[in-house]
Amino acid sequence: MTAPASQVDPFDLVIFGGTGDLAVRKLLPALYHRYADGQIQPGSRLIGVARDALSDADYHARVREAVVKSLGADLPEETLSGFLGLIGYHALDARKDAGWDAFAAAMHASPERVCVFYLATSPDIFVPICERLRERGLNHARARVVVEKPIGRDLQSATAINDALGRCFAEQQTFRIDHYLGKETVQNLVALRFGNALFEPLWNAGHIDHVQITVAETIGVEWRAGFYDGAGALRDMVQNHLLQLLCLVAMEPPASLAPDAIRDEKLKVLRALKPIDETNAAQCSVRGQYRAGASNGGAVPGYLEEIGRPESRTETFVALKAELRNWRWAGVPFYLRTGKRLPERVSEIVITFRAIPHSIFGESAGQISPNKLVLRLQPDEGVKLWLMNKYPGPGGLRLRRVALDMSFAEAFGVRNPDAYERLLMDVVRGNPTLFMRRDEVEAAWAWADPILAAWEAGHDAPKGYTAGTWGPSAAVALIERDGRTWHEDAS
Ligand code: BG6
């Protein structure tokens, strides 16, 4: 059983982009769960905003369909109707004045409440929306604004967006989402590191050989070609999700779980990253683009055919060797890789410990592999610790690698809530711990920019890889040059 969720006071949540993919696939199903668990109280208002001229009833029909599609057809009708009863709709165009006064009047109707404005829109209208909210006094002390990543496409544009947001909402009212931070298994990383005495003494360059972070997807760019082709894997995944994971692995123990205690430590990690630029990009980075191949059991087109832009040089795969310039991690590579159309959907962090200093076993015992701690973020969430053991029975002392294997599903037997469930309720409660602070976002761009610039200056197209494989062979070479290999579960 899941622990009972503590109720939050009635609040208003406005989703700009209320008919869009994020709202329909993620936010509304997440809100349904929070309502069904009793956390969202009747009297709260969930308001979809988009340009389409829809009635409340039209919008209800869309939300019903989306929630059922996402969560299954057997939802209790009473709960679903109760949830739909919280939902309203406003047609508004962020760039035009029409409708904003009526919208503002409706929002001012409950002045004592927390009011969340979730910008599930394209980033180019973040600022116009925030300005209109400010002009109508909707940036009051109980208001919060939520923006999706990526914030900008480089340091300069991110700074401009942050400055403009900052003119409308104070930093403590601004919640920059990186949904990876809301994943249960990502939060478990903090629990594992700081809730156990076992790991921390070993968590440094003296005992850890290297770290791997993989976020692999089987999907292609789907319906998001327009956005994706202007972004690419480094901006879409590395600058945010992968760097946030790296920060949680590498940060110093914060003094508490206070929002700024954790975010201060993450910021120090980002600032300690060794630059990858024109001088070392060829050794430390690989970018790839998928060609036609097979994925999810069927033939799939290559990226260029899929997006219909044969000249595109956008990367759909990145592998990097990152390093941190600090005492704890000096000399420990962090190998990062992410890509679309890879053979399986898997996100995991692999910590490989150093080899034993001396073996007392003869050659007949077999090879002694270093210990590995594998944190599986999705799917099949769990933790594995690979250890050497004696193979049972006679025949001499033979050693075999075996994993202590903990599956969260088996250990806890509870539903793993979606990241957005936690994050949305944290915004309502005003807890920014799992959101990116402005300086973090900018530090992450400051590191990513020179990589992008080096690729641009190099004039090479991304290296091709066949859809359904683990990226270009150069990604294998990137790690094998250092005498290491990408982790495979059975390896
Ligand atoms: C998003 C990216 O932030 O994360 C997508 O924009 C990616 O390109 C997605 O597919 C992956 O999220 P998850 O939760 O499915 O691992």
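Quick note: structure is the one above.
Here's what I pulled together on the structure shown here. (Residues numbered from 1 in each chain as written. Predicted model: local features only at pLDDT ≥ 70, side-chain atom pairs only at ≥ 80, totals over all residues. Heavy atoms only, no water.)

## Side note on the overall build of the protein chain
To be explicit about the condition: Helix and strand definitions follow DSSP, with helices as H or I runs of at least four residues and strands as E runs of at least two, each counted in order from the N terminus. Just to be clear, the radius of gyration here is over C-alpha atoms, and the globule rule we use is 2.2 Å times residues to the power 0.38. Any residue under 20% of the maximum accessible area for its type is buried, any over 50% is exposed, and the rest in between are partly exposed; the area is computed with a 1.4 Å probe on protein chains only. Note on definitions: a residue-residue contact is assigned when non-hydrogen atoms from the two residues lie within 4.5 Å. Reported accessibility uses the Shrake-Rupley method at a 1.4 Å probe radius. Residues are deemed covered only where the shown protein chains occlude them. In this tally, Asp and Glu contribute negative charge and Lys and Arg positive charge; neither His nor the terminal groups of the chain are included. To locate a charge, the coordinates of NZ of Lys, CZ of Arg, CG of Asp or CD of Glu are taken.
A tally of helices and strands in the protein chain yields 16 helices and 17 strands. Relative to the globule expectation of 23 Å for 491 residues, the C-alpha radius of gyration of the protein chain, 24 Å, shows essentially globular dimensions. Along the first, second and third principal axes, the C-alpha atoms of the protein chain reach 80 × 55 × 45 Å. Burial status across the protein chain gives 52% buried among its 491 residues. A separation of at least 24 residues holds for 78% of the contacts in the protein chain among residues at least 6 apart in sequence. With the model as given, the accessible surface of the protein chain reaches about 21300 Å², and the carbon-plus-sulfur share is 54%. Averaging the coordinates of the 56 positive side-chain charges in the protein chain and doing the same for the 61 negative ones gives two points 3 Å apart.

## A look at the pairing of strand E13 (residues 346-353)
Let me state the cut-off plainly: In this description, strands pair whenever DSSP reports at least two bridges between them.
Buried residues dominate E13, accounting for eight of its eight residues. Of the two faces of E13, the one lined by Val346, Glu348, Val350 and Thr352 and the one lined by Ser347, Ile349, Ile351 and Phe353 are each fully buried. Where strand E7 (residues 208-216) and E13 come together, eight bridges link them in antiparallel fashion. Its bridge partner lying in E13, Ile208 is registered against Phe353. Alignment of E13 against strand E14 (residues 372-378), held across six bridges, turns out to be antiparallel. Paired with Ser347 across the two strands is Gln378, which belongs to E14.

## Focus: the side chain of Asp209
Where we set the bar: Here a polar contact means two N or O atoms within 3.5 Å. Within protein one must be a hydrogen donor candidate and the other an acceptor candidate, and residues neighboring in sequence count only if both atoms are side-chain atoms.
Inspection of the secondary structure puts Asp209 in strand E7. On the accessibility criterion, Asp209 (17% relative accessible area) is buried. Of note is the side chain of Asp209, whose polar atom sits 2.8 Å from the side chain of His210. A polar atom in the side chain of Asp209 sits 2.7 Å from the side chain of Arg484. If sequence neighbours within four positions are ignored, Asp209 has contacts with Val332, Pro333, Thr352, Phe353, Arg354 and Arg484.

## As for the site of the ligand
Defined as follows: Only heavy atoms are used to decide nearness, and a residue is near a molecule or strand if one of them lies within 4 Å of it. Each residue gets one of three labels, nonpolar for Ala, Val, Leu, Ile, Met, Phe, Trp, Tyr, Cys and Pro, charged for Asp, Glu, Lys and Arg, and polar for the others, Gly among them.
Around the ligand, the surrounding shell holds 13 residues, and the nearest of these are Lys149, Tyr180, Lys183, Glu217 and Asp236. In the environment of the ligand, an oxygen atom lies 2.7 Å from a nitrogen or oxygen atom belonging to the side chain of His241. Within the side chain of Gln378, one N or O atom sits 2.7 Å away from an oxygen atom of the ligand. Alone, the ligand offers 390 Å² of accessible surface; in the complex the protein occludes 83% of this. It is helix H9 (residues 233-250) that contributes the most residues to the shell around the ligand, three residues altogether. Residue composition of the shell around the ligand, grouped by class: three nonpolar, three polar and seven charged.

## Digging into the environment of His60
Counting through the fold element by element, His60 comes out in helix H2 (residues 56-71). His60 sits in the partly exposed class, given a relative accessible area of 22%. Residues His60 and Arg376, 316 residues apart in the sequence, show an inter-C-alpha distance of 37 Å. Ignoring sequence-local partners within four residues, the contact set of His60 consists of Leu84 and Ile87. Here Ile87 takes part through its backbone oxygen, which lies 2.7 Å from a polar atom of the side chain of His60.

## So, the pairing of strand E4 (residues 115-119)
Convention followed: We call a crossover right-handed when, viewed with both strands directed away from the observer, the connection leading from the first strand over the helix to the second proceeds clockwise.
Taking burial as the measure, the five residues of E4 include five buried ones, the bulk of the element. In this structure, strand E1 (residues 12-16) lies alongside E4, joined through five bridges in parallel fashion. In the strand pairing of E4, Phe16 is matched with Leu119. Looking at chain direction, E4 and strand E5 (residues 143-148) are connected through five bridges and run parallel. The residue of E5 that forms the bridge with Phe117 is Val145. Tracing the backbone out of E4, into helix H5 (residues 126-135) and back to the parallel element E5 gives a crossover that is right-handed.

## Quick notes on the sheet that holds E4
Test applied: Lines fitted to the C-alpha atoms define the axes, with helices restricted to the stretch that makes contact. Angles between their N-to-C directions range from 0 to 180 degrees.
Pairing in this open sheet of six strands is parallel, and the strands run E3-E2-E1-E4-E5-E6 from one edge to the other. Both outer strands of the open sheet, strand E3 (87-91) and strand E6 (174-177), are each paired with one neighbouring strand and no more. Between one strand axis and the next, the sheet turns by 20 degrees as a mean value, whatever way the strands run. In this fold H2 packs onto strand E2 (45-50) and E3, with an angle of close to 120 degrees to the strand it touches most, E3. Taken strand by strand, helix H4 (residues 100-107) contacts E1, E2, E3 and E4, and its axis lies near 155 degrees from that of E1.

## Remarks on helix H1 (residues 21-36)
We count it as follows: Expected span of a helix, by definition, is 1.5 Å for each gap between consecutive residues, and there is one gap fewer than residues. Here the bend at a residue means the angle between the axes of two seven-residue stretches, the one that ends at it and the one that starts at it.
Under the 1.5 Å per step criterion, the end-to-end length of H1 is 22 Å for 16 residues, consistent within 8% with the ideal 22 Å. Of all the bends in H1, the greatest reaches close to 35 degrees and is centred on Leu27; the proline Pro29 follows between one and four positions later. Within H1 the residues assigned to the buried category are Leu22, Ala23, Leu27, Leu28, Pro29, Ala30, Leu31, Tyr32, His33, Arg34 and Tyr35.

## Digging into the environment of Val350
Considering the arrangement of structural elements, one finds Val350 in strand E13. Residue Val350 is classed as buried on the basis of its relative accessible area, which comes to 2%. Sequence separation between Val350 and His487 is 137 residues, and the spatial gap between their C-alpha atoms is 7.4 Å.

## Looking at the packing of aromatic side chains
Just so we agree on the cut-off: Any two of the Phe, Tyr and Trp rings considered here, Trp counted by its six-membered ring, make a pair once their centres fall within 6.5 Å; the pair's planes then place it as stacked at under 30 degrees, edge-to-face at over 60, or tilted in between. Charge over a ring is defined by NZ of Lys or CZ of Arg lying within 6 Å of the ring centre and within 35 degrees of the ring normal.
Tallied over the entire structure, the rule returns 16 aromatic pairs. Arranged with centres 5.5 Å apart and planes meeting at 90 degrees, the rings of Tyr32 and Phe83 form a pair that is edge-to-face. Separated by 51 residues along the polypeptide, Tyr32 in helix H1 and Phe83 in helix H3 (residues 77-84) bring together distant segments of the chain. The two residues Tyr32 and Phe83 agree in class, both being buried. With a centroid separation of 6.0 Å and an interplanar angle of 45 degrees, the aromatic rings of Tyr35 and Phe83 are classed as tilted. Residue Tyr35 is located in helix H1, and its partner Phe83 is located in helix H3; the two are separated by 48 residues in the primary sequence. Assessed through its relative accessible area of 16%, Tyr35 is described here as buried. Above the face of the Tyr180 ring, Lys183 is positioned so that its terminal group lies 4.6 Å from the ring centre.

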